[in-house]
Amino acid sequence: MYSYIVIDDEVNIRKGLIKKIKDAGGDKYVCVAEADNGQKGLELIEETKPDIIITDMKMNKMDGIHFLEALRGRKMNQPVIVISSFKDFEYMQKSIECRVIGYVLKPFSAEEIARELNKAVKDILEREQNARNTLEEDQNKMLQDILLGNMQDQFLEEQLYP
């Protein structure tokens, strides 16, 4: 099961999106929070740590552009799906710069949002696999260094007996 947050200033859009995700994904996704602006969204992301972030671009207090910049500045790496009524070049450009996983124009169908959620899940799984591969490579290197006597005794003790 994957958790997500919806950030949109229009309550009807948030509720409709949650329903479409439920219709499209069944129990595969669970909404852990909703926010009506980017600032509140950042707070709730810190608190709930969702797997996926879904945000509007045009909002009060903190718009989508500043929200995406804040996410990047805080080193939050969850996949982001942007939903917007605007084909505005600046919004799309900022989305690309911030490596959003998808940009969906309102109104959208359950199938469209499901397609973007599937891309987000694929991204999550790839990141997890990359992390496992890196850990395995580090462990293999450390074992090789131990076997070849390339590690300092003090470093070895610190690693084995922290």
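Here, every reference points to the structure presented above.
Please read these numbers as outputs of a predicted model, since none were measured by experiment.

Draft legend 1. Highlighting the overall build of the chain. Summing up its helical and strand segments, the chain has six helices and five strands in all. Going from the N terminus to the C terminus, the chain shows its helices and strands as β-α-β-α-β-α-β-α-β-α-α. For the chain, the residues scored as buried account for 38% of the 162 residues in total. Of the roughly 10,000 Å² that the chain leaves accessible, carbon and sulfur atoms contribute 50%.

Draft legend 2. Broad picture of the packing of aromatic side chains. Taken as a whole and judged by the stated rule, the model has one aromatic pair. With a centroid separation of 6.4 Å and an interplanar angle of 40 degrees, the aromatic rings of Tyr-2 and Tyr-29 are classed as tilted. Of this pair, Tyr-2 sits in strand 1 (residues 2-7) while Tyr-29 sits in strand 2 (residues 29-35), and the two are 27 residues apart along the sequence. Relative accessible area serves as the criterion here: at 16%, Tyr-2 is assigned to the buried category.

Draft legend 3. Just the side chain of Arg-14, in detail. Looking at where Arg-14 falls in the secondary structure, it is placed in helix 1 (residues 11-25). For Arg-14, a relative accessible area of 11% corresponds to the buried category. With near-sequence residues (within four places) excluded, Arg-14 lies in contact with Val-6, Asp-8, Asp-9, Glu-34, Ala-35 and Asp-36.

Draft legend 4. Quick look at the pattern of salt bridges. Counting across every chain of the model gives 10 salt bridges. Several salt bridges share partner residues, and in doing so they unite Asp-8, Asp-56 and Lys-106 into one network.

Draft legend 5. How the structure looks around helix 3 (residues 64-73). Of all the positions in helix 3, only Gly-64, Ile-65, Phe-67, Leu-68, Ala-70 and Leu-71 are classed as buried. Capping the start of helix 3 is the job of one residue whose side-chain oxygen sits 3.3 Å from the backbone nitrogen of Ile-65: Asp-63. Two residues or fewer past helix 3, Lys-75 is found with a positive phi of approximately 60 degrees.

Draft legend 6. Region of interest: the environment of Leu-44. With respect to the helices, strands and loops of the structure, Leu-44 is situated in helix 2 (residues 38-48). Classification of Leu-44 by relative accessible area gives buried; the value is 11%. Taking C-alpha positions, Leu-44 is 9.8 Å from Ile-7, a pair spaced 37 residues apart along the chain. With residues up to four places along the chain from it excluded, the contact list for Leu-44 reads Ile-5, Ala-33, Glu-34, Ala-35 and Lys-49.

Draft legend 7. Focus on the sheet that holds strand 2. Strand order in the open sheet made by the five strands is 2-1-3-4-5, with parallel pairing throughout. Every other strand in the sheet has two partners, leaving strand 2 and strand 5 (102-105) as the edge strands with one partner each. Strand-to-strand twist across the sheet, computed as the mean angle between neighbouring axes with direction ignored, equals 20 degrees. Across four bridges, strand 1 lies against strand 3 (residues 52-56) in parallel orientation. Looking at the pairing, Tyr-4 lines up with Ile-52 of strand 3. Its contacts with the sheet place helix 1 against strand 1, strand 2, strand 3 and strand 4 (80-84), and it is angled at close to 175 degrees to strand 2. Contacting strand 1, strand 3 and strand 4, helix 3 runs over the sheet at an angle of about 155 degrees to strand 3.

Parameters at a glance
- Residues numbered from 1 in each chain as written.
- Predicted model: local features only at pLDDT ≥ 70, side-chain atom pairs only at ≥ 80, totals over all residues.
- Heavy atoms only, no water.
- Helix = DSSP H or I, 4+ residues; strand = E, 2+ residues; numbered from the N terminus.
- Buried < 20%, exposed > 50% of the residue type's maximum accessible area, 1.4 Å probe, protein only.
- Areas by Shrake-Rupley, 256 points an atom, 1.4 Å probe, with all protein chains shown as cover.
- Phe/Tyr/Trp six-rings, centres within 6.5 Å; stacked < 30°, edge-to-face > 60°.
- Contact = heavy atoms within 4.5 Å.
- Salt bridge = Lys/Arg side-chain N within 4 Å of Asp/Glu carboxyl O.
- Polar contact = N/O pair within 3.5 Å; in protein donor to acceptor, adjacent residues only side chain to side chain.
- Pairing = 2+ DSSP bridges.
- Axes fitted to C-alpha atoms, helices over the stretch in contact; angles between N-to-C directions.

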